[in-house]
Amino acid sequence: MSVNDYQSIIDFVHKKSGIVLGNTKSYLIETRLATIVEQYKFQDLKALERGLNIAPKQVQEAVVDAMTTNESFFFRDNTPFDNFEKAILPELIEAARAKNSPIRIWCAAASTGQEPYSLAMILLANKRLWAGLKVEIIASDISQSALDRAKAGKYTQFEVQRGLPVQLLVEHFKQDGTNWIISDQIKSMVSFRKVNLLENLFSLGKMDLVFCRNVLIYFDVPTKSKVVSAIQKIMNPNGFLMLGGAETLLGINEDFERKDGYRGLYCLSDGQAKQTAICA
Ligand SMILES: C[S@@+](CC[C@H](N)C(=O)[O-])C[C@H]1O[C@@H](n2cnc3c(N)ncnc32)[C@H](O)[C@@H]1O
């Protein structure tokens, strides 16, 4: 079959998640959806494709889930986490103390949990700095299977070897056969939710820092714009937005400005921050 044979699956995934599967090879769709065809007893992939728009919600969600790319690792790209510890966290703490409010951090495409858990490990190491304040890490994703893995906090040897310093492995994980399980203390610092970035985000409440890394790359420009303005609406006026190394807001949103010297880090421009403060 050619890619065009799966056009309605491609369109469906785009409509539901924003993910553009444009150049996806047909074998990728075939291999990723094979288990769904079997599990839900469709005759073949073509039958699944024909019935997709009227299929039960769980089948539709399973198709989207299967087409997500959940690649992640601890302290991915390092610099965003160094910047979090050295520059962002001190500012968040100062602002939270001034307002006597909690610090709210959101990992908007948290996949299998390495990103929010990396932030939690940094927070714990700096506990004295935020003593007396409440810090929340909310981690979300559209993929239920990724969230299930994140909540379990169980990682393979390969996964803990990617980016996680040995001393943090020893400090925060216990071995379980060939796997490693993250400590209850770190787990308890993160709450996981299923959130589709295309849907209304207001129920999440206001955020001081949004990590939205390596997900915009899967969207087209109109979807990137829509998602970034939805994020903007739930950010506190002096909040920060962290994107992935290959992502930019150039041509996507003019209300944010890049923080000089901090790759991928954005904050609302002065005018927008004032506007947001008035509406808050
Ligand atoms: C490559 S992972 C990025 C994980 C992590 N942020 C990182 O940088 O390591 C991209 C994640 O985006 C999620 N995703 C894709 N479309 C989404 C949507 N519309 N809403 C929420 N999450 C989405 C996928 O399920 C996947 O787990």
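It should be emphasised that the depicted structure is a prediction, and the values quoted were computed from it without experimental measurement. (Residues numbered from 1 in each chain as written. Predicted model: local features only at pLDDT ≥ 70, side-chain atom pairs only at ≥ 80, totals over all residues.)

Draft legend 1. Geometry of the pairing of strand β7 (residues 207-212). Burial of β7 is extensive: six of the six residues sit out of reach of the surface. Pairing of strand β1 (residues 103-107) with β7 involves three bridges; the strand directions are parallel. Its bridge partner lying in β7, Cys107 is registered against Phe211. Looking at chain direction, β7 and strand β8 (residues 235-243) are connected through five bridges and run parallel. Note that in β8 the partner of Leu209 across the bridge is Phe240. (Buried ≥ 20, exposed ≤ 12 C-beta atoms within 10 Å, placed from the backbone. Helix = DSSP H or I, 4+ residues; strand = E, 2+ residues; numbered from the N terminus. Pairing = 2+ DSSP bridges.)

Draft legend 2. Local environment of the site of the ligand. Near the ligand there are 24 residues, and of these Thr68, Ser72, Ala109, Ser111 and Asn214 occur at the shortest range. Partitioned by chemical class, the residues of the shell around the ligand number eight nonpolar, 11 polar and five charged. Composition of the shell around the ligand by domain shows at least three residues from each of domain 1 (3-66) and domain 2 (79-279). (Near = placed C-beta within 6 Å. Nonpolar A, V, L, I, M, F, W, Y, C, P; charged D, E, K, R; others polar. Domains from an automatic or database assignment.)

Draft legend 3. Region of interest: the sheet that holds β8. Spatially, the seven strands line up as an open sheet ordered β6-β2-β1-β7-β8-β10-β9, and their pairing is mixed. The sheet terminates laterally at β6 (190-194) and β9 (256-258), the two strands that pair on one side only. Mean inter-strand twist for the sheet, computed between neighbouring axes without regard to direction, equals 25°. Running at roughly 170° to strand β2 (residues 135-141), helix α6 (residues 114-125) makes contact with β1, β2, β6 and β7 of the sheet. (Axes fitted to C-alpha atoms, helices over the stretch in contact; angles between N-to-C directions. Contact = placed C-beta atoms within 7 Å.)

Draft legend 4. Summary view of the domain arrangement of the protein. Taken domain by domain, the protein consists of domain 1 (3-66) and domain 2 (79-279). Placing a centre on the C-alpha atoms of domain 1 and another on those of domain 2 gives a separation of 30 Å. Counting residues at the interface gives seven residues for domain 1, matched by 12 residues for domain 2. The dominant element in the side of domain 1 that touches domain 2, judged by the number of residues it contributes, is helix α4 (residues 57-66), at three residues. Class assignment for the residues of the side of domain 1 that touches domain 2 results in three nonpolar, two polar and two charged.

Draft legend 5. View of the nonpolar core. Ranked by internal contacts, the top residues of the largest apolar core, which has 62 residues, are Ala108, Val210, Cys212, Ile231 and Leu241. Per-element tally for this core: the top contributor is helix α5 (residues 79-99), with six residues. The residues contacting Cys212, other than those within four sequence positions of it, are Ala108, Ala109, Ile231, Leu241 and Leu243. Of all hydrophobic cores here, the second largest spans 10 residues; its members include Ile19, Ile29, Val63 and Met67. (Core = buried A, V, L, I, M, F, W, Y, C linked by C-beta atoms within 7 Å.)

Draft legend 6. Local environment of the sheet that holds strand β3 (residues 154-156). A sheet is described by the order of its strands in space; here three strands give the open sequence β3-β5-β4, paired in antiparallel fashion. The open sheet has two edge strands, β3 and β4 (173-176), and neither has a second partner. This sheet shows a mean twist of 35° between the axes of neighbouring strands, independent of strand direction.

Draft legend 7. The packing of helix α1 (residues 7-17) against α4, seen in detail. Relative orientation of the contacting elements α1 and α4 amounts to 95°, with a least axis distance of 10 Å. With respect to their mutual orientation, α1 and α4 come out roughly perpendicular. Between α1 and α4, the residues in contact are Phe12, Val13, Lys16 and Ser17 and Gln60, Val63 and Val64, respectively. Each residue belonging to the contact of α1 with α4 can be placed in one class, and the counts come to four nonpolar, two polar and one charged. (Parallel < 35°, antiparallel > 145°, perpendicular 65-115°, else oblique.)

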